[in-house]
Amino acid sequence: MNVNQQAHMTSPYRQPQPALQGYAQPGYGGPPTQYAPYNGPNPGYQQGPTPAGYSPYSSLPCKTFPATLASDLSSNSSSPLDLGPVRPPPNSGPPPVSASQGYSQYTQGDVQNGPPTMSSQPHRPPVSQSYLPGSQPAYHQQYGAPHTSMQQMTNQMSGMQVSAPPPAVSGYAPHSSNPQTSVSFSGAPSFTPHSVSSQQNSPAASLTHGQPPSQSPFPGSPSLSQSPFPGAPPPVSQPQYSSAPPASSQPHYSGAHPLPASQAQFPGAPPPPSQSSPFHAPPSSFAPPAGAPRQPGVQPMQAPPHSQYLTGPPLPHQPMQGPPLSQQNHAAPGMQGPPAQPAGQGQGVQPQQNGAFGQMSRPQPGYGGSYPGPQNYGAQPPPPAAPPQKRLDPDSIPSPQVSALPAVQKTRHRIDPDAIPSPIQVIEDDQANRSSEPFATGVRGQAPPLVTTNFQVKDQGNASPSYIRCTAYNFPCTSDMAKQSQVPLAAVIKPLATLPLDEAPPYIVDHGETGPIRCNRCKAYMCPFMQFIEGGRRFQCGFCSCVTEVPPHYFQHLDHTGKRVDCYDRPELSMGTCEFTATVDYCKNNKIPQPPAFIFLIDVSYNAVKSGLVDLICAEMKTLLDYLPRESSEADSCIRVGFVTYNKVLHFYNVKSSLAQPQMMVVSDVADMFVPLLDGFLVNVNESRAVINSLLDQIPEMFADTRETETVFAPVIQAGLEALKAADCAGKLFIFHSSLPIAEAPGKLKNREDKKLVGTDKEKTLFQPQTSFFGNLAKECVAQGCCVDLFLFPNQYVDVATLGVVPSQTGGSVYKYTYFQVPSDGDRFLNDLRRDVQKQVGFDAVMRVRTSTGIRATDFFGDFYMSNTTDVELAGLDCDKAVTVEFRHDDKLSEESGALMQCAVLYTSCSGQRRLRVHNLSVNCCTQLADLYRNCDTDTLINFFAKYAYRSILNSPTKTVRDTLINQSAQILSCYRKNCASPSSAGQLILPECMKLLPVYLNCVLKSDILQPGADISLDDRAYLRQLVTSMDVAESHVFFYPRLLPLQKLDVEGDSLPTAVRASEERLSKGGLYLLENGLHLFLWVGANVQQELLQSVFNTPSFGQIDPSMTNLPVLDNPYSRRLRAIIESFRAERPRYMKLMVVKQDDKLELIFKHFLVEDKSASGGASYVDFLCHMHKEIRQLLS
């Protein structure tokens, strides 16, 4: 997504700049269009004014137990009724999972799970009839919480039964030695409430013993500090609604999902076996008054003994009977008295062994009308609704007149977002538990801390997670088991990763002229997995088991354990990562390579000159050349530099140190490119400093009055390639380019932007290059070791999918600055350029991944070229590039030996030395699926899924790709449910502990701009993001798909700790708050409308919200602790990421807020992507279909 816009932009992705009005400017791709009216986060969602003094996040209520996502009231053998086998809902069933299907199948039009009115007396259906969600009659929803006397409450409680789960279990306890996240409560011994007391004039009564008032004694019950009366602030976990249809954070259920009123039970109360439902209904339930008239057209039904009905408060003419709807802890009268609490049982209700999450809050009053229609999954965005209003407290909404209600009032239970797995909670827990101790890599197959955790690594024989992360650290022993689980077996490898300052870089080992010691058969390099035998004279390869003689110069005796006595003196025998100096045998043509060269190729066409780009590049280059990469032991860099400018023709410059002034040579025959000079083109910076500075001063003047608008592109790459060939060295081209190359020349392109193809089977052609010319050119570049980095400054379509082919296949990078303007984008460009020039890079690289017998590397994802099936060739490999490798079985693995992998990268360093970096990793092998699911890394899994999907769209429609991802993920989770989880109700959603965030992260991938684009994102931006993600490591892909959102109101200005992040959802934002959001590419500072004046003064140097300048890209430098701390945090975020993040200040209700909301990934997206809650329900439905 492009954020190069100021406040006057036309849309979230397009913005005409004043200086560019004369052009057709589809920024991100099409002519500028005016904003459509903003419809709020969800069509039909209307906001109203907030009650005075109410801040939705002023005080978060405590939770009684860690939440996990519960789908159902678990079935219990003690249920007195069997209502027959489950049968599908009465409406037409969804197609099987294997079929390509959109999300829109789970509609809600025929599902009513609201409470019956007190005027109706439902009866139980005949025993032969399956009683299922989706088949219930509809009822009127009643409004308003009536008052009740203490006597009525006591009468109600006299017959209450509450089942409690087993004692002494809390949180996500492992179950059957395999931790999992489940979603409901099992029945267990009951307890007797000791007392009933009324608090805060609220009829809700506490049923726990010694529990703080702020805690909810039961899932779904409100904390006692919450008032059920209209006008009181709602619980924090509930967003505020007006009388419009519910907002995006509420799930939409299919017929198989909702829990009807007639099935609502207490946690722990056993439902009839035939009833299943994905989520708990609130336990606030009581029976309708006897003898009450029933609704016309509604068949009376008898309630099963253990089923209670949710009923609303009485209408004005009805007498009050029973406790109010908001009172959560009451059961229907007439139930058996509770048995005594067993001795030794803990107080209150403990979560069940599996943990529990997903209880629902009570039905929300104030839905004035029927549900507007099905959820929009993957389809076009719905039509615009009324302009948004401010939020309202749901409990303060006045009740509509009964006559105004529709004949069938459809309501639904809202899943509490706080009760489903939270990425923030998982991240915080991992940081708390695993950051204090160093992570020692000596133990085979242990999963490292999350990428979001700051931890130190001790290399004890396996490579650091900074270099290699796996999707699973227990590989299945057989291919059948791998197929059954569908968990991809992959590793994300970042060979030249930059380590934290407190970790030592790899040791460099020099074995002299003989070079590194290797296995005779598979050519694996000496590493800790080699076993020395026969007194140390031979070694057995850990990869292929071949026995090889130890060279005499390398011989050493063994100790009593069979290890060499010099084991810990040799890095290659004791460390997971080390680097060897390579001999001439490892060099191209058996010749020691020359030091590499950097060539800067600058577009001097009209657009580039007028935007100020040429001036900026030339001014920066004078200082930047002092920071070329060099070996730590060298005073100066060995890298030589050259300069070319171009528009329709190319200008080469002779900057030989002996010249008084630089000389220009023009090549106009672009069809047959050649380099007009050899001596003086590539020079040492220090020797030719004066001539280079003179050239950089003259270039902007020479082209200041140019009128040439057309450019070439392919000949520019050919020119750099020919120069490197002539100098017989590898190197990197830095190309600064501004427009579609339409001038007559090889590689000429046409504008093929066609938004009509989006969403069709032909959409894949938009991601494929226009011509094969650039693919062939990339192949030549790789052969020479010529890497290309492309900086794009487009004002309209430039066909990134085609221009990016050479950078992506040579291991280069693409940077894009749409509608570039020096004041707003200059900082970002210069910082990106500085880092790109200075970062560690290897040239002419070849990477090979070897594995032990039983598995092999079969597929590779990243920016590289492959001429065969095993060698990954990279003309350039920098410290930010990652390669993802997928493994498949070709034989059985053994639990004893595990699975081994070795990644060896041969490259030329920036000083011209040939090096060999080797990373080793061992993982466990398992015969039980439970062990596989216990040791997975969800972040790495998502990295793999994203790269797999983004490559698949080159050959398949995006809808097919999305369906494939959903299907595979559902199979992963259903396999766990079927084979590893304890038996429970079919309607229960149970997730493996280490994969409980898979649904939320997968949803972020599915609704990303590449797979589900909004109307405003251009084809160029989609191609750019697709290529960007392809080479991301796990840390980058994690924050890219699930941005980090920090609340800054309570910033600790003295300490170094960051405030705890909040979940990426609009309902987490407070109007009185200040929030910082980052996703690795963009940085937003969101300012609420009610932020305190002192805070605004400290940050923006203005006391007024209205005076904040939304066009600022850097905060003012103010001398106060808050400003200093905030600016330090922003700089630390920028330092963590490979690309500079431009700051955008977003004021609440400003037009830029639409861009900001795009990154609130737990909410429904404008392009039709599901909210987290909705997608969780959809995944649950897919899993149930697979299980049935």
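The rules behind these values
Residues numbered from 1 in each chain as written. Predicted model: local features only at pLDDT ≥ 70, side-chain atom pairs only at ≥ 80, totals over all residues. Heavy atoms only, no water. Salt bridge = Lys/Arg side-chain N within 4 Å of Asp/Glu carboxyl O. Helix = DSSP H or I, 4+ residues; strand = E, 2+ residues; numbered from the N terminus. Buried < 20%, exposed > 50% of the residue type's maximum accessible area, 1.4 Å probe, protein only. Pairing = 2+ DSSP bridges. Axes fitted to C-alpha atoms, helices over the stretch in contact; angles between N-to-C directions. Core = buried A, V, L, I, M, F, W, Y, C linked by side-chain atoms within 4.5 Å. Patch = residues over 30% accessible without salt bridge, like charges linked within 9 Å, V, L, I, M, F, W, Y side chains within 5 Å. Areas by Shrake-Rupley, 256 points an atom, 1.4 Å probe, with all protein chains shown as cover. pLDDT = per-residue confidence, 0-100. Contact = heavy atoms within 4.5 Å. Disulfide = S-S within 2.5 Å. Right-handed = clockwise from strand over helix to strand, strands pointing away. Parallel < 35°, antiparallel > 145°, perpendicular 65-115°, else oblique. Left-handed = near helix turned anticlockwise from the far one by under 90°. Nonpolar A, V, L, I, M, F, W, Y, C, P; charged D, E, K, R; others polar. Phe/Tyr/Trp six-rings, centres within 6.5 Å; stacked < 30°, edge-to-face > 60°. Lys NZ or Arg CZ within 6 Å of the ring centre and 35° of its normal.

Draft legend 1. Local environment of the pattern of salt bridges. Here the structure, examined in full by the defined rule, presents 46 salt bridges. Taking the shortest distance from any N to any O, the salt bridge between Arg 848 and Asp 871 comes out at 2.7 Å. In this pair, Arg 848 sits in strand E22 (residues 841–851) while Asp 871 sits in strand E24 (residues 871–878), placing the two residues 23 residues apart along the sequence. The partly exposed category is assigned to Arg 848, whose relative accessible area is 31%. With a closest N to O distance of 3.8 Å, Asp 890 and Arg 856 form a salt bridge. Taken together, the residues Asp 890 in the loop between strand E25 (883–889) and strand E26 (899–908) and Arg 856 in strand E23 (residues 855–861) connect sequence positions 34 residues apart. You can call Asp 890 partly exposed: its relative accessible area is 43%. Via salt bridges that share partners, Arg 835, Asp 836, Lys 839, Asp 878, Asp 880 and Lys 881 belong to a single interconnected network.

Draft legend 2. Expanded view of the sheet that holds strand E31 (residues 1082–1087). Sheet architecture is open: 4 strands sit in the order E29-E30-E31-E32, paired in mixed fashion. The open sheet has two free edges, formed respectively by strand E29 (1044–1047) and strand E32 (1142–1147), since each of these has just one partner strand. The sheet shows a mean angle of 20° between the axes of neighbouring strands, taken without regard to direction. Two elements, strand E30 (residues 1074–1078) and E31, share 5 bridges in a ladder whose sense is antiparallel. Residue Leu 1076 lies in a different strand from E31, and its bridge partner there is Leu 1085.

Draft legend 3. A look at the nonpolar core. Counting 176 residues, the largest nonpolar core has Phe 475, Phe 652, Ile 735 and Phe 1100 as the members making the most contacts within it. Take this core: its biggest share by element is 8 residues, from helix H15 (residues 958–979). One finds Val 609, Cys 618, Ile 639 and Leu 833 within the second-largest nonpolar core, a separate group that totals 43 residues.

Draft legend 4. Highlighting a nonpolar patch on the surface. A cluster of nonpolar side chains, contributed by Met 664, Val 666 and Met 702, occupies part of the molecular surface with about 250 Å² of accessible area. Mapped onto the elements, Met 702 comes out in helix H7 (residues 689–702).

Draft legend 5. Examining the confidence of the model for the protein more closely. In the predicted model, the protein carries a mean pLDDT of 75, and 65% of its residues have values of at least 70. In the predicted structure, residues 1–149 sits below a pLDDT of 50 and forms 526 contacts with residues beyond four places in sequence or in another chain. Note on residues 183–412: pLDDT is under 50 here. Beyond four places in sequence and across chains, it has 731 contacts.

Draft legend 6. Region of the structure containing the environment of Phe 829. Within the secondary structure layout, Phe 829 lies in helix H12 (residues 822–838). Exposure remark for Phe 829: the relative accessible area of 0% places this residue in the buried category. Separated by 38 residues in the primary sequence, Phe 829 and Phe 791 have C-alpha atoms spaced 8.7 Å apart. Apart from the residues lying within four places of it in its own chain, the contact partners of Phe 829 are Leu 613, Leu 616, Ile 617, Phe 736, Phe 791, Phe 793, Tyr 817 and Phe 820.

Draft legend 7. Unusual backbone geometry, seen in detail. In the Ramachandran plot, Glu 534 falls in the positive-phi region, its phi being about 55° despite a non-glycine side chain. Following the sequence through the fold, Glu 534 ends up in the loop between strand E10 (531–533) and strand E11 (538–540). Given the relative accessible area of 40%, Glu 534 is considered partly exposed. One non-glycine residue, Asp 844, adopts positive backbone phi at about 55°. Note that Asp 844 resides in strand E22.

Draft legend 8. The state of the cysteines, seen in detail. Tallying each qualifying case throughout the model produces 0 disulfides. Its sulfur unpaired, Cys 544 is 3.5 Å from the next cysteine sulfur, which belongs to Cys 519. Free cysteine Cys 786: the closest other cysteine sulfur is in Cys 781, separated by 4.1 Å.

Draft legend 9. Quick look at the pairing of strand E19 (residues 731–737). Of all the 7 residues making up E19, 7 are buried; the element is thus mostly covered by neighbouring parts of the structure. Burial along E19 is two-sided: the residues Gly 731, Leu 733, Ile 735 and His 737 and Lys 732, Phe 734 and Phe 736 are all buried. As defined by bridge partners, strand E14 (residues 597–603) adjoins E19 across 6 bridges and the pair is classed as parallel. The residue of E19 that forms the bridge with Ala 597 is Gly 731. As for the winding sense of the linkage, the β-α-β connection from E19 through helix H9 (residues 773–784) to strand E20 (residues 786–792) is right-handed.

Draft legend 10. Examining the packing of helix H14 (residues 938–952) against helix H17 (residues 1019–1030) more closely. Their axes nearest at 9 Å, the elements H14 and H17 cross at an angle of 140°. The angle between H14 and H17 falls in the class oblique. Here H14 and H17 pass one another in a crossing that is left-handed. Contact with H14, carried on its side by Ala 946, Lys 947, Tyr 950 and Arg 951, involves Arg 1026, Val 1029 and Thr 1030 of H17 and no other residues of that element. Counted by class, the contact of H14 with H17 contains 3 nonpolar, 1 polar and 3 charged residues.

Draft legend 11. Geometry of the packing of aromatic side chains. Counted according to the given criterion, the structure contains 33 aromatic pairs. Note on Phe 1084 and Phe 1159: the rings are 5.2 Å apart at their centroids and 45° apart in plane angle, and the pair reads as tilted. Placement of the pair is Phe 1084 in strand E31 and Phe 1159 in the loop between helix H21 (1153–1158) and helix H22 (1172–1187), with a sequence separation of 75 residues. Each of the two residues, Phe 1084 as well as Phe 1159, counts as buried. Taken together, the ring pairs connect Phe 736, Phe 791, Phe 793, Tyr 815, Tyr 817, Phe 820 and Phe 829 into an aromatic cluster. The residue whose ring lies beneath Arg 564 is Phe 532, and the NZ or CZ to ring-centre distance is 4.9 Å. Its guanidinium or amino end placed over the ring of Phe 1133, Arg 1044 lies 3.9 Å from that ring's centre, counting from NZ or CZ.

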